[in-house]
Amino acid sequence: MINKRNILLSTILAIAVVGVVVYFITRPQQHELLPQTFAPLPEKPKLIDEFHQNTEIYSVAFSPVDPSLIAFVDENGTIKMWNRNITNKPAVTLNHPDKYPSIGFSPTGKLLVCAAWNLILWDVDSGEKINTLKTSYGGFTFTPDGHFLATNNNVVKLWDIRNPKHITEAATFPFDEAHKAKGRACAVGISSDGKLIAAGYARGTINVWDLNTKQLVRTLKTSYYEMNFLKFSPNNKFLAAGGPVLFKDNNDKTWVSSGAKGYSMWELPNWKLHGSVQRGNIENLVFSPDEKICVGTNDWLFYGRGVEIWSTEDGAPITSLQTAAKDVSFSNDGNLLATGGRDGKVRVWKLNHKHLDLTTTPADVVRIIYCLPKDEEPPPDITTKLDESIRKVQDFYANELEKHGFGRKTFSFETDENGKLKVYLLRENDRIDYDLSNEIWIVILDKNTTFPKPNYKLPHFGRNKTFWYTSIGNNNLQDNVHAEALAGTNHGSLHYVYTKKRKIDSRDIAHELKLAFAAFDWKYPNFNRGPNKSKSLFARFNRLMPWGKGLVNLSKCEAEWLDRSRFFNPNQPFFDNRPEIDMNVSKADDSDSRLLRFTVADEDDIHQVQMFSPVDPKYHSMLNKFEGCHAINGKKTASVEYLLSNSEVKSLELRMIDMHGNIASRKFTIRDKTVEPEKQP
């Protein structure tokens, strides 16, 4: 009996020992907590100085020989010469008789020129007026040696100013009947080697002459109503021109969009079109002295990012300044920018080496910020968890696009030198002006983090390519993840992903990125929106069920859209010709249904068109209903039709993506089913 009991006990003990050994061998291995590193957030150009004026600044210019000297003129013609190094002496004040003049220094820095209907020359050292010429449009430019000055006054004239007190006319460039049909000369530019002179005419023609022989070298055609600027780059590699964009409506009538001022750039000497950007409100464009970057100004902040800085080579955005500006000027060393606009302030900005060397992160990658309360430390191994989650999201998109026949394409995210996800750390109440102008940021907020709106702003991306930061509010976060997004209609959107420390849900991030990639409109899964635990528990259960996957998986339309997204196709040019979208409405039959026929055109070739209508017609500004898509397959023009059966729908939105991944949308208001709708540019 004793032996049997001992055998039984030994067996139980052996089983227990084996069980313990097996447990320790097969138990899940804990991740080794590795040291975490976070990247410092990139910074914008630094504001280093300001000059306050009571009226709108219309034009601004650095001295070409002294970066401490800046001249600017307001809308009323009051001129200031401001030396930033002299603080105990007021700026020199001069007066021009005309409104809205432009201003500039001669190449030697000895003369200051201000022009509208009158062009006046001042001596910079003494501030004395030297001479006056009659002109118009306010455009002027110097030859590189400063001996000659070109103006546009219906015709282009070249003036000998070697003796500025006795100016003589050196040449008048052709203005025959053919040119009259194209309009008046409204912009002029001279190449930096002094060999070419270009004139821009109303109705979009540019003529380029040899300055010595006076022979016509090239005629260029543009889509601009008139030329606001016409400039050669400092090393003569490019010619840039810009102004209000012309396009045609349904009745083949040509008209000007008040919200579309763009630019086009040609390569020299072959005169090939290098690229165009024909959206937004680009008032002026300047090149850096090394011509690596160009800067565009916008005086309507809601039509763009304010002052935008691009790569000259491919038009890729480098950074932006959230300040409305009418004009901008580079210092002669290329390190400083001076801007002036309707708020009456001249601002001086210092560019950092990443901007100047074009080493900023590409705009078509996803970037991640982890936000913390100011007195807390980041959760252990959070960077590893985020790296694992974002790679799962990458695999999800690759699988979905492959499933629909588009290959294993996926987006890219920013990595460090070891190929790991780069995570930026942002602490609550940190007010440094970080550069968050990249299109898509996933912002992971610690559960205890609150960023009140007055304390911190993130760019908001909508029609104007900017985001604003919103406070978390009373979301009653009970679940492991709460995701919310602001969707833009042009390119993408910024997403806030609120998460508890223990888990990052890749499926929620995948869903939110669909909004960021503009693959579809406002459609939220009911993942975690309940104010109490019972609804929160149901949300968790609902997310795990098979039907929950349908809220995340891509439809054929969505996959087709992402097939051309610039986030899924790296190294795309960022130049973007202006598309055209128009609509006709007719009754489909005797019922209340209406046939909507859209005409779309884009020189960058159209990939896909989508239409949206309001979920509830009474609240058309709220959630949108996806009405379907049409594959266009790279045509420059196309017509698409949709049958709308709900007679209460009075507003619609058509969205399109071109073959380079540029996205455009246009909203339409239908006043009556038998009346042509009001069009909103």
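Every value quoted in this text rests on a predicted model; they were computed, and no experiment measured them.

Thresholds, definitions, all that
- Residues numbered from 1 in each chain as written.
- Predicted model: local features only at pLDDT ≥ 70, side-chain atom pairs only at ≥ 80, totals over all residues.
- Heavy atoms only, no water.
- Pairing = 2+ DSSP bridges.
- Helix = DSSP H or I, 4+ residues; strand = E, 2+ residues; numbered from the N terminus.
- Axes fitted to C-alpha atoms, helices over the stretch in contact; angles between N-to-C directions.
- Buried < 20%, exposed > 50% of the residue type's maximum accessible area, 1.4 Å probe, protein only.
- Expected span 1.5 Å × (residues − 1).
- Phe/Tyr/Trp six-rings, centres within 6.5 Å; stacked < 30°, edge-to-face > 60°.
- Parallel < 35°, antiparallel > 145°, perpendicular 65-115°, else oblique.
- Left-handed = near helix turned anticlockwise from the far one by under 90°.
- Contact = heavy atoms within 4.5 Å.
- Nonpolar A, V, L, I, M, F, W, Y, C, P; charged D, E, K, R; others polar.
- Core = buried A, V, L, I, M, F, W, Y, C linked by side-chain atoms within 4.5 Å.
- Salt bridge = Lys/Arg side-chain N within 4 Å of Asp/Glu carboxyl O.

A word on the sheet that holds strand β8 (residues 118-123)
Moving on, step 1. Taken together, 4 strands build an open sheet; the order of strands is β6-β7-β8-β9 and the sheet is antiparallel. Only two strands of the sheet have a single partner each, and these edge strands are β6 (102-105) and β9 (129-134). Here the strands of the sheet are splayed against their neighbours by 15° on average, with no regard to which way each runs.
Moving on, step 2. Bridge analysis of strand β7 (residues 111-115) against β8 gives 5 bridges, and the strand direction is antiparallel.

Notes on the pairing of β8
Moving on, step 1. Of all 6 residues in β8, 5 are buried; the element is thus mostly enclosed.
Moving on, step 2. With antiparallel pairing between neighbouring strands as the criterion, β7 and β8 make up a hairpin whose turn holds 2 residues.
Moving on, step 3. What sits between β8 and β9 in their antiparallel hairpin is a turn of 5 residues, with G127 showing a positive phi close to 75°.

Thoughts on helix α4 (residues 382-403)
Moving on, step 1. The end-to-end C-alpha separation of α4 is 31 Å, in line with the 32 Å expected for 22 residues at 1.5 Å each.
Moving on, step 2. Of the residues flanking the end of α4, it is G405, one or two places downstream, whose phi is positive at about 90°.

Overview of the packing of aromatic side chains
Moving on, step 1. Scanning the entire structure with this criterion turns up 18 aromatic pairs.
Moving on, step 2. On the basis of an interplanar angle of 35° and a centroid distance of 5.1 Å, the ring pair of F173 and W209 is categorised as tilted. A residue pair is termed long-range when its members are at least 10 positions apart, and F173 in the loop between β13 (168-172) and α2 (177-182) and W209 in strand β16 (residues 205-210) qualify at 36 residues.
Moving on, step 3. Among the residues examined, F173 registers a relative accessible area of 2% and is labelled buried.
Moving on, step 4. Its relative accessible area of 2% is what places W209 among the buried residues.
Moving on, step 5. Residues Y397 and F517 carry aromatic rings whose centres are separated by 5.7 Å and whose planes lie at 80° to one another, so their mutual orientation is edge-to-face. Residue Y397 is found in helix α4, and its partner F517 is found in the loop between α5 (506-516) and α6 (533-544); the two are separated by 120 residues along the sequence.
Moving on, step 6. On the accessibility criterion, F517 (1% relative accessible area) is buried.

Digging into the pairing of strand β14 (residues 185-190)
Moving on, step 1. Among the 6 residues that make up β14, 6 are buried, leaving the element largely enclosed by the rest of the structure.
Moving on, step 2. Pairing of β14 with strand β15 (residues 196-201) involves 5 bridges; the strand directions are antiparallel. Across the sheet, residue G189 finds its bridge partner in β15, namely A198.
Moving on, step 3. Turn length for the β14-β15 hairpin, with the two strands adjacent in sequence and antiparallel, is 5 residues, and the turn residue G194 shows positive phi of about 75°.

Here we look at α5
Moving on, step 1. α5 sits mainly inside the fold: 10 of its 11 residues count as buried.
Moving on, step 2. Taken together, the buried positions of α5 are S506, D508, I509, A510, H511, E512, L513, K514, L515 and A516.

Here's the deal with the packing of α4 against α5
Moving on, step 1. At a minimum axis distance of 9 Å, the contact between α4 and α5 shows a crossing angle of 55°. Considering their axes alone, α4 and α5 lie oblique with respect to each other. Crossing angle aside, the handedness with which α4 passes α5 is right-handed. Residues S389, K392, V393, F396 and Y397 of α4 form the contact with α5, whose own contacting residues are S506, I509, A510, L513 and K514.
Moving on, step 2. Grouping the amino acids of the contact of α4 with α5 by side-chain chemistry returns 6 nonpolar, 2 polar and 2 charged.

Remarks on the nonpolar core
Moving on, step 1. Formed by 35 residues in total, the largest nonpolar core has its most connected members in L386, Y397, F411, L513 and F517.
Moving on, step 2. Broken down by secondary-structure element, the contributors of at least two residues to this core are β29 (367-372), α4, β31 (441-445), α5 and α8 (556-562).
Moving on, step 3. Not counting residues within four places of it along the chain, the set of residues in contact with F411 comprises V366, I390, V393, Q394, Y397, L513, F517, F567 and F568.
Moving on, step 4. Ranked by size, the runner-up nonpolar core spans 21 residues in total, among them V600, M611, V649 and M656.

Let's talk about the pattern of salt bridges
Moving on, step 1. Inspection of every chain in the model, using the stated rule, returns 22 salt bridges.
Moving on, step 2. The shortest N-O distance in the salt bridge between E313 and K237 comes to 3.5 Å. One end of the pair, E313, is in the loop between β24 (307-311) and β25 (317-321); the other, K237, is in the loop between β18 (229-232) and β19 (238-248), and 76 residues separate them in sequence.
Moving on, step 3. Taking relative accessible area as the criterion, E313 reaches 48% and is therefore assigned partly exposed.
Moving on, step 4. Judged by relative accessible area, K237 falls into the partly exposed class, the value being 36%.
Moving on, step 5. The closest approach of N and O atoms between K326 and E283, which form a salt bridge, is 3.3 Å. Remark: E283 occurs in the loop between β21 (272-277) and β22 (284-287) and K326 occurs in the loop between β25 and β26 (327-330); sequence separation between them is 43 residues.
Moving on, step 6. Here K326 falls in the buried class, since its relative accessible area comes to 18%.
Moving on, step 7. You can call E283 buried: its relative accessible area is 11%.
Moving on, step 8. Bridged by salt links that share partners, the residues E50, D343 and R347 form one connected network.

Side note on the sheet that holds strand β11 (residues 148-153)
Moving on, step 1. Taken in spatial order, the 4 strands line up as β10-β11-β12-β13 in an open sheet, and their pairing is antiparallel. A strand with exactly one partner marks an edge of an open sheet, and here the two such strands are β10 (140-142) and β13. Between one strand and the next, the sheet's axes are offset by a mean angle of 25°, whatever the strand orientation.
Moving on, step 2. Bridge count for β11 against strand β12 (residues 155-160) is 6 bridges, and the pairing is antiparallel. When the sheet's bridge partners are listed, N152 is paired in β12 with V156.

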